[in-house]
Amino acid sequence: MIQNQRIRLIAPLVGALLVLAAGVACQSKSGSSDVMAKVDGHNITTSDVDKYYQNQTSGSDQQPSGEQATSLRLSILRELIDNEILMRRAEKLGLLATDDEVDRKLNEIRSPYTKEEFDQRLKDKKISLDDFKRDLRRSLTVDKVMNKEVTSKINITDQDISNYYTAHKSEFNLIEQQYHLAQIVVTTSPNPQVHNLKNDKAQNEADARKKIQMLVNRLDSGEDFGTLATNYSEDTETASNGGDLGFTPESSLNNTDPAVREAVTRLKAGQYTPAIPVVNPMTKQLFGFRIVKLLAKETAGQREIADPRVQQAIRTQLRDRREQLLKTAYYEVLRNQAKVENYYAQRVIDQNGVSQ
């Protein structure tokens, strides 16, 4: 069908002595050890970063160390900076999530579990209930800002749909059952052609195992598959469009890796596979890992534009593509407008990348 479419803590000390003044000037560039960054006057602390670091590495057999640990902390800090920028924008727009909204969402998430089961999940993720509610508030707030500033302004017309159908009519002639798939890929060696939104690449097999486990943890926590793919996937063809692989014919699926085929055929629409090792069939060496999500399944036959499913599929795809583009641009505009001081990144540079 549709093919491959497509988030300064320094109070300068005034000293009388020139020696002290020089020391303060140096500290003002790197922040205190408790503050890793500042966004428009709001601190992002070491404890903030450490909580997400522990959450994203939980379940991994081997914890990151050295440059890997520093790289992960830089990535987490960058995401917290982006979130803080959006929170400040929400504050200006009067769109901060309310306590009632947070409580409703919390009740919705934990409704399938007993209290003991839900508490255990939080424990496994190494976060407290207050931390979880804070993340919910931020997530709901970001959604409200994006809806007002981006999503609500997107308009896909009937003419847009007609034009797309005319240009891609052959794609709607399904001669066999099709699987609409998306994927997140992590490789064991960095590819210079990979350009995900976070510019995040695993450096080796151990790094890849940690990264794929982090992504599984975040998916299991309810984060959006497409957003994680855009931010972190290392597939050169699909990272920029949320990992969307388009529709794969059943015959092609039957000829793919047996582990992937078996996992995908067991999925229902909206579900995703566990992390699946990807092995080079020639050398038998591990290439990386992938997580595959089944977006939809279509039976064989020609689809006409009058078919509501065709119209909805085209409308959704065009909207998603436009929304992703506008969100990326919106983030860049907000970053340009914000006053961001990343002390941790500066310390990494000052110490020449020595483990922090």
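In case you missed it, the structure is sitting above this.
Cut-off values and rules
- Residues numbered from 1 in each chain as written.
- Predicted model: local features only at pLDDT ≥ 70, side-chain atom pairs only at ≥ 80, totals over all residues.
- Heavy atoms only, no water.
- Salt bridge = Lys/Arg side-chain N within 4 Å of Asp/Glu carboxyl O.
- Helix = DSSP H or I, 4+ residues; strand = E, 2+ residues; numbered from the N terminus.
- Buried < 20%, exposed > 50% of the residue type's maximum accessible area, 1.4 Å probe, protein only.
- Pairing = 2+ DSSP bridges.
- Axes fitted to C-alpha atoms, helices over the stretch in contact; angles between N-to-C directions.
- Phe/Tyr/Trp six-rings, centres within 6.5 Å; stacked < 30°, edge-to-face > 60°.
- Lys NZ or Arg CZ within 6 Å of the ring centre and 35° of its normal.
- Core = buried A, V, L, I, M, F, W, Y, C linked by side-chain atoms within 4.5 Å.
- Contact = heavy atoms within 4.5 Å.
- Polar contact = N/O pair within 3.5 Å; in protein donor to acceptor, adjacent residues only side chain to side chain.

So what exactly am I meant to see when it comes to the pattern of salt bridges here?
Any two side chains of opposite charge can pair, given that their charged atoms come close. Under the criterion given, the structure shown has 27 salt bridges. For Lys211, the salt bridge is made with Glu234, and the minimal N-O distance between the two is 2.7 Å. Highlighted residues: Lys211 in helix α8 (residues 205-220) and Glu234 in the loop between α9 (225-232) and β5 (244-249), separated in sequence by 23 residues. A residue is classified by how much of its surface remains accessible, and Lys211, at 7% relative accessible area, is buried. The residue Glu298 makes a salt bridge to Arg309 at a minimum N-O spacing of 3.7 Å. Residue Glu298 is located in strand β7 (residues 286-298), and its partner Arg309 is located in helix α12 (residues 308-337); the two are separated by eleven residues in the primary sequence. Residue Glu298 is classed as buried on the basis of its relative accessible area of 10%. You can call Arg309 partly exposed: its relative accessible area is 44%. Taken together, the shared-partner salt bridges connect Arg78, Asp82, Lys198, Glu332 and Arg335 into one network.

Where do I start with the sheet that holds strand β2 (residues 42-45) in this structure?
In sheet architecture, strand pairing relies on hydrogen bonds along the backbone and comes in two forms, parallel and antiparallel. Spatial strand order, β2-β1-β9: three strands in an open sheet with antiparallel pairing. With one partner strand each, in any of the chains shown, β2 and β9 (340-342) form the two edges of the open sheet. Averaged over neighbouring strand pairs, the angle between their axes works out to 20 degrees when direction is ignored. Bridge analysis of strand β1 (residues 35-39) against β9 gives three bridges, and the strand direction is antiparallel. Pairing of Lys38 across the sheet is with Glu341, part of β9.

Honestly, the packing of aromatic side chains in this entry has me stumped. Any pointers?
For any two aromatic rings, the description comes down to two numbers: the centre-to-centre distance and the angle of the planes. Scanning the model with the defined rule gives two aromatic pairs in all. Ring plane angle 75 degrees and centroid distance 5.7 Å describe the contact between Phe118 and Phe132, whose orientation is recorded as edge-to-face. With a gap of 14 residues between them, Phe118 in helix α5 (residues 115-124) and Phe132 in helix α6 (residues 129-149) connect regions that are remote in the sequence. Accessibility expressed as a relative area gives 6% for Phe118, which makes it buried. Positioned over the ring face of Tyr53 is Arg73, at 4.0 Å from the centre of the ring.

I tried to follow the nonpolar core on my own but got confused; where do I start?
Across soluble globular proteins, nonpolar side chains have a tendency to be buried as a group. Ile44, Leu77, Leu86 and Ile314 are the most contacted members of the largest nonpolar core, which totals 36 residues. Elements that contribute at least two residues to this core include exactly β1, α2 (46-57), α3 (66-93), α6, α7 (158-167), α12 and α13 (343-350). Broken down by element, this core gets its largest block of residues, nine residues, from α3. In this structure Ile44 touches Val35, Met36, Ala37, Val39, Val49, Leu77, Leu80, Ile81 and Glu84, once residues within four positions along its chain are discounted. By size, the runner-up hydrophobic cluster in this structure holds 16 residues, among which are Val186, Ala208, Ile212 and Leu215.

When you look at the sheet that holds strand β6 (residues 276-279) in this model, what are you seeing that I'm missing?
Strands sit in the order β5-β4-β7-β6 across an open sheet of four strands; the sheet is antiparallel. In this open sheet, the two edge strands, each paired with only one partner strand, are β5 and β6. Here the average twist between neighbouring strands, direction ignored, is 45 degrees. Two strands pair when backbone bridges link them, and strand β4 (residues 178-187) and β7 are joined in this way by ten bridges, in the antiparallel orientation. By the bridge assignment for β7, Tyr179 is matched with Lys297. Lying on the sheet, α9 is in contact with β4 and β7; it crosses β4 at an angle near 40 degrees.

Just to check I follow, could you spell out unusual backbone geometry for this structure?
Leave glycine aside and you will find that most residues have negative phi; peptide bonds, for their part, are mostly trans. A positive phi is found at Asp40, a non-glycine position, where the angle reads about 50 degrees. Along the chain, the position of Asp40 falls in the loop between β1 and β2. With phi around 65 degrees, Lys284 is a residue other than glycine that occupies positive phi space. You can see Lys284 is positioned in the loop between β6 and β7. In this structure Lys284 comes out as exposed when scored by relative accessible area, which is 63%.

Can you help me understand the pairing of β2 in this one?
Note on strand geometry: in a regular strand, side chains alternate between the two faces of the sheet. Looking at chain direction, β1 and β2 are connected through four bridges and run antiparallel. Bridge pairing in β2 places Val39 opposite His42. Counting the residues between successive antiparallel strands, the hairpin from β1 to β2 contains two residues, one of them, Asp40, with a positive phi of roughly 50 degrees.

Is there a simple way to think about the side chain of Gln183 in this case?
Take Gln183: it is sitting in strand β4. In terms of polar contacts, Gln183 uses its side chain to reach the side chain of Arg290, at 2.5 Å. Not counting the four nearest positions on each side in its chain, Gln183 is found in contact with Phe225, Ala229, Ser233, Asp235, Thr238, Gly243, Leu245, Arg290, Ile291 and Val292.

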